[in-house]
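Geometric and topological summary
Each chain, written out:
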Amino acid sequence: MIIHYCSEIDAIEWDDFLINQENSSFYHLFSWKQINEKCFGHKCYYLAAKNNGNISGVLPLVYINSFLFGKILCSMPFVNYGGLCALNAEAEEHLLSEAENIVRKAGADYLELRSSQRIGTNLPTSEHKVSMTLDLSPDVEDIWKSFKSKQRTEIRRACKNELEVISGGKELLDMFYATIINSWRSLGVPIYQKCYFESILDAFPYMTKVFVVMHQGKPIASAFNGYYNGIVEGMWLGIIPQFKRLQPNTVLYWEMIKHACENNMETFHFGRSSVDSGGEFFKKKWNAQQKQLFWQYQLGKVKTIPQLNVQNPKYSIAMNIWKKLPLTLTTFIGPHLAKSIP
């Protein structure tokens, strides 16, 4: 078995391998390589383990040289998860060995694999993240009847607030971004540059969709979803803070679930959440089931698992300051920071 460093000429073979792999995801697709290189300038290593010329496993890696957090090799940054996708343990072993070589040669602090399943038994592992998913039905009434009466009442109440949900693609990007930059500032989180989202829409025109909640002709909330192998990937969502009282997120999720059912999708992935967080609680109200995610590490220059997450108290001061900055300032400097935060 050999390890092949893939380029654009390998894209079709890479994606064809993923189609029938149970642990593949939207985030493993080859086009993310060009997106991260073009929008953020990050060097990407897309490794394929090959046996007799055929792919047995793949590992997408993004190298982030962050002035804030050091040198990080990650699979995958900025999205819900990534990690290895392999046919067998032999392919996994070869891919992990080559990843370790890259960590050493690049002088990286560590490699972080964000996976939907545990890889091996020897890697330091954090289990602070979970995936929240809802099994769908072709008949949306089945989903509606499965909700508790309190949840159905909340949806009905929110739908009476003069809210309209529209969906589409690139034509809704400006409205999506306008809500996201406002929402993320209120959370104390820097936003990506708009061309990042634009590049995703360009790379996956038939596998992405933007939803926008309108109130009296103005966008007040929005979401960005991916669609792959019967799974809806909830990627980004934001609400302009002053309109939270109208519960646009409730209307937005219900319309996205209905759309998924009507288009024969099998699973709605609400995205990842921190264990025991408010986000996890909200998603459980939609009957989303918890599935453990595994953040696994190959340590380079650092010797302990890094704590690069919002639960780390040392980041709370910076986040509180960010919330108070003018929107024009956070919109300008946010993208320069966000690309360095995996």
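Small disclaimer: the values here were computed from a predicted structure and weren't measured. (Residues numbered from 1 in each chain as written. Predicted model: local features only at pLDDT ≥ 70, side-chain atom pairs only at ≥ 80, totals over all residues. Heavy atoms only, no water.)

Counting its regular elements, the chain contains 11 helices and 15 strands. The globule rule puts the C-alpha radius of gyration for 342 residues at 20 Å, and the 20 Å found for the chain is close to it. Seen through its C-alpha atoms, the chain measures out along the principal axes to roughly 60 × 45 × 35 Å. Looking at the chain as a whole, 55% of its 342 residues are labelled buried. For the chain, the computed accessible surface area is about 15,700 Å², with 51% contributed by carbon and sulfur atoms. (Helix = DSSP H or I, 4+ residues; strand = E, 2+ residues; numbered from the N terminus. Rg over C-alpha atoms; globule rule 2.2 N^0.38 Å. Buried < 20%, exposed > 50% of the residue type's maximum accessible area, 1.4 Å probe, protein only. Areas by Shrake-Rupley, 256 points an atom, 1.4 Å probe, with all protein chains shown as cover.)

Turning our eyes to something else, we now look at the packing of helix H2 (residues 31–40) against helix H7 (residues 194–203). Between H2 and H7, whose axes approach to 10 Å, the crossing angle comes to 155 degrees. The pairing of H2 with H7 is recorded here as roughly antiparallel in orientation. Crossing hand, H2 versus H7: right-handed. Along its contact with H2, which presents Ser 31, Trp 32, Ile 35, Lys 38, Cys 39 and Phe 40, the element H7 presents Cys 195, Tyr 196, Ser 199, Ile 200 and Ala 203. In terms of residue class, the contact of H2 with H7 is made up of 8 nonpolar, 2 polar and 1 charged. (Axes fitted to C-alpha atoms, helices over the stretch in contact; angles between N-to-C directions. Parallel < 35°, antiparallel > 145°, perpendicular 65-115°, else oblique. Left-handed = near helix turned anticlockwise from the far one by under 90°. Contact = heavy atoms within 4.5 Å. Nonpolar A, V, L, I, M, F, W, Y, C, P; charged D, E, K, R; others polar.)

What follows is about the packing of aromatic side chains. Enumeration according to the criterion identifies 37 aromatic pairs in this entry. Judged by centre distance (6.5 Å) and plane angle (75 degrees), the ring pair of Tyr 192 and Trp 236 falls under edge-to-face. Of this pair, Tyr 192 sits in the loop between helix H6 (173–187) and H7 while Trp 236 sits in strand E12 (residues 231–239); the two residues are 44 residues apart in sequence, bridging distant segments of the chain. In this structure Trp 236 comes out as buried when scored by relative accessible area, which is 7%. Measuring from ring centre to ring centre gives 5.2 Å for Tyr 253 and Phe 270, while their planes differ by 35 degrees; the resulting arrangement is tilted. With Tyr 253 in helix H8 (residues 248–262) and Phe 270 in strand E13 (residues 267–274), the pair connects residues that are 17 residues apart, well separated along the chain. (Phe/Tyr/Trp six-rings, centres within 6.5 Å; stacked < 30°, edge-to-face > 60°.)

Bringing the sheet that holds strand E14 (residues 289–292) into the picture now. Spatial ordering of the open sheet is given by E9-E10-E11-E12-E13-E8-E14, a layout of 7 strands whose pairing is mixed. The sheet is open, and its two borders are formed by strand E9 (163–168) and E14, each paired with just one other strand. Adjacent strand axes in the sheet meet at a mean angle of 30 degrees when their direction is disregarded. Summarising the sheet, E12 and E13 pair through 3 bridges and their orientation is parallel. Each bridged residue has a counterpart across the sheet, and for Glu 233 the counterpart in E13 is His 269. Docked against the sheet, H8 engages strand E8 (129–135), E9, strand E10 (208–215), strand E11 (218–228), E12 and E13, running at close to 35 degrees with respect to E11. (Pairing = 2+ DSSP bridges.)

Secondary-structure assignment places Gln 117 in the loop between strand E6 (110–115) and strand E7 (125–126). For Gln 117, a relative accessible area of 33% corresponds to the partly exposed category. For the pair Gln 117 and Phe 294, spaced 177 residues apart in sequence, the C-alpha separation works out to 6.3 Å. With near-sequence residues (within four places) excluded, Gln 117 lies in contact with Asn 23, Phe 294 and Gln 296.

Our focus in this paragraph is the environment of Asp 15. Mapped onto the elements of the fold, Asp 15 is located in helix H1 (residues 11–19). For Asp 15, a relative accessible area of 22% gives the class partly exposed. Sequence separation between Asp 15 and Leu 29 is 14 residues, and the spatial gap between their C-alpha atoms is 5.8 Å. Residues in contact with Asp 15, not counting those within four places in the same chain, are Leu 29 and Phe 30. There is a polar contact of 2.9 Å between the side chain of Asp 15 and the backbone nitrogen of Phe 30. (Polar contact = N/O pair within 3.5 Å; in protein donor to acceptor, adjacent residues only side chain to side chain.)

Our next topic: the confidence of the model for the chain. Looking at the chain as a whole, its pLDDT mean stands at 92, while 98% of the residues score no less than 70. Helix H10 (residues 316–324) is the least confidently modelled element of the chain, averaging 80 in pLDDT, while E10 averages 98, the highest of any element. (pLDDT = per-residue confidence, 0-100.)

The next thing to look at is the pattern of salt bridges. All told, the structure shown has 10 salt bridges when counted by the stated rule. Residue Lys 285 pairs with Glu 154 through a salt bridge whose shortest N-O separation is 3.3 Å. Here Lys 285 is found in the loop between helix H9 (278–284) and E14, whereas its partner Glu 154 is found in helix H5 (residues 149–159), with 131 residues between them in sequence. Across the pair Asp 174 and Lys 194 runs a salt bridge whose closest N-O atoms are separated by 2.8 Å. Taken as a pair, Asp 174 in helix H6 and Lys 194 in helix H7 lie far apart in primary sequence, 20 residues in all. Take Asp 174: its relative accessible area is 51%, and that puts it in the exposed class. Judged by relative accessible area, which is 34%, Lys 194 ranks as partly exposed. Overlapping salt bridges, with partners in common, bring together Lys 170, Glu 198 and Asp 202 in one network. (Salt bridge = Lys/Arg side-chain N within 4 Å of Asp/Glu carboxyl O.)

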